[in-house]
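Spelled out from the first residue to the last, the chains are:
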Amino acid sequence: MKKPTVAIVGRPNVGKSTIFNRIVGERISIVEDVAGVTRDRIYSAAEWLNYEFNLIDTGGIELRDEPLLDQIRLQAEIAIEEADVIIFLTNGRDGVTDSDEHVARMLYKTNKPVVLAVNKVDNPEMRDMIYDFYSLGFGEPYPISGSHGLGLGDLLDAMAESFKDMDLEEEEDDSIKFCLIGRPNVGKSSLVNALLGEDRVIVSDIAGTTTDAIDSTKVVDGQEFRIIDTAGMRKKGKVYENTEKYSVLRALKAIDRSDVVLIVMNAEEGIREQDKRVAGFAEEAGKGVMFVVNKWDTLEKDDKTMNNFIDDIRDQFRFLDYAPIFFVSAKTKQRVHTLFSNILMISENHALRIQSSVLNEVVEDAVARNPAPSDKGRRLRIYYATQVAVKPPTFVVFVNEPELMHFSYQRFLQNRLREAFGFEGTPIRLITRARS
């Protein structure tokens, strides 16, 4: 199922970041009682009423024409453009302001569902604050309190009502879907062209010149592959996204639709902090993963260069120690032909289902070789295991007391499963439950 996207927009200092944190359940956005603290869009996955969606926090939209405020407004405009549903947040204590009316005029032009929320209505006696906000023209205003968490359920229910009118079902097909993610200018578009054997995607040396997400297909040895490219920058009217503000949201959308994620890195630049960030999205989403180090032809190499690069990747990406590493050149086509067969291998591992009897033989053997340590006289007992899902392979281990399953022992069991069944390129999930 596709994930809809929700943007929280409004003028500065109405509590957007507080509401964002309430909805996603953790303190991701910086919260400070000073206008303009949130300068960039911030993204997170969230869930309500069995709907999973992407949530965008934005900087405030103001009328004053100052360089920083102009950038905040442009970022908010891009978020509005990307969103399927918009939460328009206002401040009940201030009443309807000129800036609120300015934001409303922006939203009238979108033809997208808008849910109007009036924040800082901290108790029932303050509910009379909301009536002035009917004048903004978005129907019933929802009174909420970000600081106390009041009224958010009704607001999210109204948001979810908008999801019901959307086509969120993905068409089923037998193709293996994969995407390429990474920082701007690592050569993703060139790599797509090399994989397809044609100039399907515009290629430029200017970072962020991919203008939209593009699906392409390729049949290799009878298997269809669907390549989902991710956009780095979109130009629409006067909206220009700063190239450093790489479109994380589109990467998240591409990851959601993919079976396998290719984390593309630039051999010339080495590993950067943003590489870890985008790789973390793929791991959290439970997708198959492989590293692709592009522009390998540009380096002067000796017999240690490749091993040193591998060591660096393994050190910096310990959470992806199962992901294979490939060194390629989109320009010379060096080793590009090997990628399809390895994407197929990872996709098969990602969907691999293990027979229960075979699974339990491996688990019993692991426990016999390395019994679980005791804790204050209590010892973990593992009764049996079963696979409950694929993509990624997910296993439930039934035990006497789940709290006795230490992280290190869980990691040991995961490693034994990898030794026995491979699972190269795919995460595996291990859930511990008490036997009823």
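Our structure's up above, just so we're on the same page.
Just so we're clear, the structure is a prediction, and the values are computed from it rather than from any experiment.

(A) Focus on the sheet that holds strand β13 (residues 288-294). Reading across the sheet, the 6 strands line up as β8-β9-β7-β12-β13-β14 and stay open at both edges, with mixed pairing between neighbours. Each end of this open sheet is capped by a strand with a single partner; those strands are β8 (215-220) and β14 (325-327). Going from strand to strand, the sheet's axes swing by 25° on average, the running direction of each strand aside. One ladder, built from 7 bridges, connects strand β12 (residues 260-266) with β13; its direction is parallel.

(B) Highlighting helix α9 (residues 338-350). For α9, spanning 13 residues, the distance from its first C-alpha to its last is 19 Å, which sits close to the expected 18 Å at 1.5 Å a residue. All of the buried residues along α9 are L339, F340, N342, I343, I346, S347, N349 and H350.

(C) The arrangement of helix α8 (residues 305-316) in detail. For α8, with 12 residues, the first-to-last C-alpha span of 17 Å sits near the 16 Å given by 1.5 Å per residue. If you check which residues of α8 are buried, you get T305, F309 and I313. Seen end-on, α8 carries its buried residues on one side only, within an arc spanning 70°.

(D) Inspection of empty space enclosed by the protein at higher detail. Going through the model one piece at a time under the given rule, you end up with 1 cavity of 30 Å³ or more. Taken as a whole, the largest cavity spans an internal volume of roughly 60 Å³. If you go around the largest cavity, the residues you meet are L359, V362, V363, A366, A385, F395, V397, L413, R416, L417 and L430. Secondary structure elements with two or more residues in the lining of the largest cavity: α10 (356-369), β18 (394-399) and α11 (407-421). A total of 4 residues in the lining of the largest cavity trace back to one element, the largest contributor, which is α10. Grouping the amino acids of the lining of the largest cavity by side-chain chemistry returns 10 nonpolar, no polar and 1 charged.

(E) Up close: the sheet that holds strand β19 (residues 429-434). One open sheet accounts for 3 strands, arranged β17-β18-β19; its pairing is mixed. Either end of the sheet is taken by a strand with one partner, and the two such strands are β17 (382-389) and β19. Direction aside, neighbouring strands of the sheet carry axes that sit 25° apart on average. Its contacts with the sheet put α11 on β17, β18 and β19, and the angle it makes with β19 is roughly 125°.

(F) Region of interest: the pairing of strand β9 (residues 223-228). Pairing analysis gives 4 bridges linking strand β7 (residues 176-181) to β9, with the strands arranged parallel. Across the sheet, residue C179 finds its bridge partner in β9, namely I228. Of the pairings in the sheet, the one linking β8 to β9 comprises 6 bridges and is antiparallel in character. When the bridges of β9 are listed, K218 appears paired with F225. Between β8 and β9, which follow one another and run antiparallel, lie 2 residues, and D221 among them has a positive phi close to 50°.

(G) Structural detail: unusual backbone geometry. Following K391, the chain continues to P392 via a peptide bond in cis, the omega torsion being 5°. A positive phi angle, near 50°, is found at L49, a position not held by glycine. For N50, which is not a glycine, the phi torsion comes out positive at approximately 70°. Mapped onto the fold, N50 is located in the loop between β2 (42-48) and β3 (51-57). Its relative accessible area of 74% is what places N50 among the exposed residues.

(H) Fine view of the packing of aromatic side chains. Taken as a whole and judged by the stated rule, the model has 16 aromatic pairs. Look at F317 and F319: their rings are 6.2 Å apart centre to centre, the planes differ by 50°, and that puts the pair in the tilted class. Classification of F317 as buried rests on a relative accessible area of 0%. Residue classification places F319 among the partly exposed positions, given a relative accessible area of 34%. Judged by centre distance (6.1 Å) and plane angle (70°), the rings of F395 and F423 are edge-to-face.

Reading guide: rules and limits
- Residues numbered from 1 in each chain as written.
- Predicted model: local features only at pLDDT ≥ 70, side-chain atom pairs only at ≥ 80, totals over all residues.
- Heavy atoms only, no water.
- Pairing = 2+ DSSP bridges.
- Helix = DSSP H or I, 4+ residues; strand = E, 2+ residues; numbered from the N terminus.
- Axes fitted to C-alpha atoms, helices over the stretch in contact; angles between N-to-C directions.
- Expected span 1.5 Å × (residues − 1).
- Buried < 20%, exposed > 50% of the residue type's maximum accessible area, 1.4 Å probe, protein only.
- Arc of directions from axis to C-beta.
- 1 Å grid on protein atoms, 1.4 Å probe; cavity = no way out; pocket = protein on both sides within 12 Å on 5 of 7 lines; lining within 4 Å.
- Points joined across faces, edges and corners; volume = space filled by probe spheres on them.
- Nonpolar A, V, L, I, M, F, W, Y, C, P; charged D, E, K, R; others polar.
- Contact = heavy atoms within 4.5 Å.
- Phe/Tyr/Trp six-rings, centres within 6.5 Å; stacked < 30°, edge-to-face > 60°.

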